[in-house]
Protein chains: 4
Amino acid sequence: MTYTVAVAGASGYAGGEVLRLLAGHPDFEVTTVTASSNAGKPLALLQPHLRSYAHLILQETTPAVLAGHDVVFLALPHGASGAITAQLPDDVLVVDCGADHRLTDEAAWAKFYGGEFNEPWAYGVPELPAAGGKLRDRLIGATKIAAPGCNASSVSLAIAPGITAGLIDEDIVAVLAVGPSGAGKNLKVQYLGSELLGSANPYGVGGGHRHIPEIIQNLKLAGATDPKVSFTPVLVPMARGILATVTAPLKAGVTTQQVRDAWEGAYAGEAFVQLLPEGTWPRTADVLGANTALIGVTVDEAANRVVALIAVDNLVKGTAGAAVQSANIALGLPEGTALTTNGVAP
Amino acid sequence: MTYTVAVAGASGYAGGEVLRLLAGHPDFEVTTVTASSNAGKPLALLQPHLRSYAHLILQETTPAVLAGHDVVFLALPHGASGAITAQLPDDVLVVDCGADHRLTDEAAWAKFYGGEFNEPWAYGVPELPAAGGKLRDRLIGATKIAAPGCNASSVSLAIAPGITAGLIDEDIVAVLAVGPSGAGKNLKVQYLGSELLGSANPYGVGGGHRHIPEIIQNLKLAGATDPKVSFTPVLVPMARGILATVTAPLKAGVTTQQVRDAWEGAYAGEAFVQLLPEGTWPRTADVLGANTALIGVTVDEAANRVVALIAVDNLVKGTAGAAVQSANIALGLPEGTALTTNGVAP
Amino acid sequence: MTYTVAVAGASGYAGGEVLRLLAGHPDFEVTTVTASSNAGKPLALLQPHLRSYAHLILQETTPAVLAGHDVVFLALPHGASGAITAQLPDDVLVVDCGADHRLTDEAAWAKFYGGEFNEPWAYGVPELPAAGGKLRDRLIGATKIAAPGCNASSVSLAIAPGITAGLIDEDIVAVLAVGPSGAGKNLKVQYLGSELLGSANPYGVGGGHRHIPEIIQNLKLAGATDPKVSFTPVLVPMARGILATVTAPLKAGVTTQQVRDAWEGAYAGEAFVQLLPEGTWPRTADVLGANTALIGVTVDEAANRVVALIAVDNLVKGTAGAAVQSANIALGLPEGTALTTNGVAP
Amino acid sequence: MTYTVAVAGASGYAGGEVLRLLAGHPDFEVTTVTASSNAGKPLALLQPHLRSYAHLILQETTPAVLAGHDVVFLALPHGASGAITAQLPDDVLVVDCGADHRLTDEAAWAKFYGGEFNEPWAYGVPELPAAGGKLRDRLIGATKIAAPGCNASSVSLAIAPGITAGLIDEDIVAVLAVGPSGAGKNLKVQYLGSELLGSANPYGVGGGHRHIPEIIQNLKLAGATDPKVSFTPVLVPMARGILATVTAPLKAGVTTQQVRDAWEGAYAGEAFVQLLPEGTWPRTADVLGANTALIGVTVDEAANRVVALIAVDNLVKGTAGAAVQSANIALGLPEGTALTTNGVAP
């Protein structure tokens, strides 16, 4: 069967990326795209790269417009999905690219986001180790899915195998080189090209970034007890991409081979999370436009640390690709439909 | 049927891009990849973004290795294809991404390239107007195809409608903002990241660029008599992309509407060459990874000129996409197989 | 003596660059910096790179605040300088980085800018040929100076020698690769880093750009009668810099040597406009942070055209450097005070 | 008096930057520039941005050519300085931008560099805390100076105050976003613009980077006993700049105020190492072309860590600026001569 699809927030970067991926999906037919201030305009004016959807006109983002589709992707500002979802039929598959349904800890929500707490939905990182299995299991048949935060899923996937295998202390340091597209079409001076070109600009330093509670939640799923996460994102001059360096102290007596084995075991057979050979490191260009997370891991013996690096395209595996992959799983479609493993490099 | 495919020069940018596209081709099976100095190495070491070909090992580029495939894509240095092709069976479809078989004018070859002149093959820009039809016609059933030079096809597509419709003088000025990937993995100081990042660097100024005779040849196919082409490429800090500004004097009495009509007519129904609405302009990000050429055209009345802009991904529509599209046509497959119109933006 | 200086619009890119240059000026003491919405904030918050002015607080931009200084640099939105200047003492040296006092043609002002026409001031491109001399002469002793538009001065300097020497037809084509800092801290989607990184984006195509009448005015000063200028700017991913390719038809019988001689003669002895040797071309990195315009010129015999390329830092030679250089001339100081010819490359 | 100066290795990035800075130095006169394979060529051909040295011709790098100058700056490959220096008079001030004279630990040299061990020279980071004072003291009157490794000095300056004040554990994690110019004009595929543009590329992961022993040496000078340093550099698409994120566990009971006080105290009165206000973070654009290191520091209470960030221009404060600053100190000149604190932003 063909599923009818609506994409809400189609004028933004995340919504646009959902559309770009769905253009290659044989089972999904996008019939509706919506926006807020841009409603009424041709999609092609806002997303000129989406040639195969050049015929679509942006409608208002309302429950009435979204209802009547089999699948609804929400790419809306935080706080917007609750009211909309409440008015959609229960059996509509809703995939939220926002943060509203990611956190299970109400106190963490209050501290990092604020506003009304929404119930947590199935979390869209299928490959994440959880309670002896993987989160994939919880996505099968789900009708409500929370796509992950791009930084959160990246850091979690990079270091989770060490947690699950009990090889590292729960004292994680993550530093990320990130492109600005994760911030959306955000009209602030710090996101201007003039500010970003030729510069590396840190932000959200010192424990305030909203993806921290999401990482902690993920690491607990992977087996951690009380993980500490030092998290520093640095904007660098590339439109897309996350290169996360994640390191943690090695437990006494752990060997490099144990580390390699743990990471290999964690992602064996996964198409979209791949471990690179020892001594090679992921680059963001290698996953540009792809749903692939590339991971490199090694042991620094002198520093007594595991060093794991991960590269993802923040708009694909970090957001829209995770959304589509999760929707495929929920509906029983082949998991990789409409997703590629091959990056657009150079 | 499934065609077996070899890609020669698979360790370079053009060869890698052919592979990236073929990974999504249901009718082609890449069984062989070759290189010269990198023969013997895993492809994944040279092209870590091509995850779906991670199992392939680079072999030597020899006729013996390439023979026995239905289709052979050559992404080799200029001058290398002649000897190889001569030793392949005549019915093998050979698509050459190099320059050896593009020019019909032996004197132009001698002046701009030098070395042995090779016979011209069917030229891989299907949408180019030629003698009342399009070059597509000459690709049907072809067994030897010359993929175009990226700058040459871009400039030609941008301005050809004005030539064909007789609206402009044959005094063309083309200035191109180009990414360095068109130069391949060329180990010269001027291609270092340090030299290119944050800078705009012209090269080949004043009439020496090798793509000039190819443009002139194309414009003659489109109906020009003795076109003059001033051609200036400027390297800018993006890995991929060509944004060509092409302008020519308007003939007396020609109206803006005639110009719009000519360009619209020339590319009506073409999936991969699209004219943007009046007043909007192509951007290279909108075609990143896509086989699309986006064109904007207008009339500058004060300057009495047509100004046509075109954006292409030099490695896709400019090279590998043109190669695959042409191969599809040659074999009678749907022309857009394995090619997308949607760019990876932002 | 030491001149007291106020910089109005000090929170923007042009104002910031004036300050950066003045920090090295032994004869100027910046005592006042002003802004509009940012008044009251420490300058260091808005311009964290200006360490030597970290002690200054932004004041309101009012005539009362600006009065009482020997020199006032205005880096304000178009239309703002007239009312302010009217309330300053006549003998204050005012250098306006905006467009208000550049154009002499009221009709051109009305067409390209609109609003009240302001009297033209001495135009701050000292090296521009004009009526047998150079514009430098008009700057000596001036008390009101209009700094040039960055694109306008670049294109004008590149091609003016050919006009003055009568070697070319007045049918100019200029295509520019430009960085976004020329647009200021302009909060529009098209200036976001996500839109600019990895892309080449044309704008103002087809004759609408406001710098066109300024170029025409300059070329007339250089001796042109009725110049036509096709002008296409393309935003490329570098914060600063203009690389303009400017071409015009060669008049019959003109030799390459005549062209080289004309350009060499025009800028002989100029510190800040330098002609490169035949066959070498300017790069924007070579003038980053410098007040230098580097020009390369050649003849394309097949296309019968002069091709002149110029690289400038749009914020220095294009704006703030021109302002400081002109102020130096006006006050009888050594012209190059506080200005460097050496770019920050790579 | 005016000191005569020779710069060896003037065709490279470090040598070029020494020249760019010396162009503004009133007490130094550069009379000789040397190179190896480029000897005999005009400097302007290799360093077209150095307009004020356009008259110089590159000579061979030999002791005979370098002798007879008061000051010699060496910007040579590792291993080249020993033989040259041995043949220069003892009283020549030699400043080596290479690694040969940085390390005091012969075993570390053997492990990370190999080849002949050279005696350590005065280390050119004047602001580094050392044994109750600063390294500045050891530079006064020195005749042999080792300019620092850019990454090493950055990481050391960022975290040293916490070591000296005894506030942190010696378990340092440093992740750096770096531009490729630190690698010089190195003709390897990984440094091509096509590989770097639009990508974040880690290298030297897991403890193998040569700057690690230099950091450890510096931290011991600052008071550490047996520091562990996890060090991960990531190439990002900017020509210049280092943004280092350096974090270490906070000792029990240490307050944020103690941390702020320690960092403020360490760099009070320093022109070229400046601490930003709490809650603001350094950006590399803010120090482009400047000799300034900007530091931000905070405490992440949840992670129980100090997080210090530092931005430097790798070619200035990281290399050539440190060399010139150190030479100024050695000769008793004002320390900041020819150096600016103001970055070229945006």
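Use the structure listed above.
Residues numbered from 1 in each chain as written. Chains lettered and ligands numbered in written order. Predicted model: local features only at pLDDT ≥ 70, side-chain atom pairs only at ≥ 80, totals over all residues. Heavy atoms only, no water.

Novice: How do you make sense of unusual backbone geometry when you look at a structure like this?
Specialist: If a residue is not glycine, its phi is most likely negative; likewise, a peptide bond is most likely trans. Here Ala-345 of chain A and Pro-346 of chain A are connected by a cis peptide whose omega angle stands at 0°. Turning to its location among the elements, Pro-346 of chain A is positioned in the segment after helix 11 (316–331). With phi around 75°, Ala-338 of chain B is a residue other than glycine that occupies positive phi space. Here Ala-338 of chain B lies in the segment after helix 11 (316–331). (Helix = DSSP H or I, 4+ residues; strand = E, 2+ residues; numbered from the N terminus.)

Novice: How do you make sense of the interface of chain A and chain C when you look at a structure like this?
Specialist: Interface size is often expressed as the accessible area that is lost when the parts come together. In this complex, chain A contributes 19 residues to the contact, which on the side of chain C involves 19 residues. Roughly 1,500 Å² is buried in total at the junction of chain A and chain C, and carbon and sulfur atoms are behind 70% of that figure. When the area that chain A buries against chain C is broken down by residue, the three leading residues are Leu-187, Leu-192 and Leu-197 of chain A, summing to 40%. Counting every contact that joins chain A to chain C gives 0 salt bridges. It is helix 8 (residues 193–196) of chain A that provides the largest number of residues to the side of chain A that touches chain C, a total of 4 residues. When the residues that make up the side of chain A that touches chain C are grouped by side-chain class, the tally is 11 nonpolar, 5 polar and 3 charged. (Contact = heavy atoms within 4.5 Å. Buried area = accessible area lost by both parts, 1.4 Å probe. Salt bridge = Lys/Arg side-chain N within 4 Å of Asp/Glu carboxyl O. Nonpolar A, V, L, I, M, F, W, Y, C, P; charged D, E, K, R; others polar.)

Novice: Even after reading the chapter, I still don't get the relation of the copies chain D and chain A, so can you show me in this structure?
Specialist: Both copies of the chain are tied together by a single rotation about an axis and a shift running along it. Superposing chain D onto chain A takes a rotation of 180° plus a shift of 0.0 Å along the axis, which leaves an RMSD of 0.0 Å. On the angle and the small slide along the axis, the relation comes out as a two-fold axis. Scanning chain D for the C-alpha nearest the rotation axis identifies Pro-237 of chain D, at a separation of 2.9 Å. The residues that chain D uses at the interface reappear at the interface of chain A in 100% of cases, marking a shared surface. (Least-squares fit on C-alpha atoms with pLDDT ≥ 70 in both.)

Novice: Would you explain the pattern of salt bridges in this entry?
Specialist: Side chains carrying opposite charge are able to pair once their charged atoms draw close together. Residue and element names in this part refer to chain B. Enumeration over the complete set of coordinates arrives at 52 salt bridges over all chains. Taking the shortest distance from any N to any O, the salt bridge between Arg-102 and Glu-214 comes out at 3.4 Å. Of this pair, Arg-102 sits in the loop between strand 5 (93–96) and helix 5 (106–112) while Glu-214 sits in helix 9 (residues 211–221); the two residues are 112 residues apart in sequence, bridging distant segments of the chain. Comparing Arg-102 with Glu-214 shows no difference in burial state: the two are buried. (Buried < 20%, exposed > 50% of the residue type's maximum accessible area, 1.4 Å probe, protein only.)

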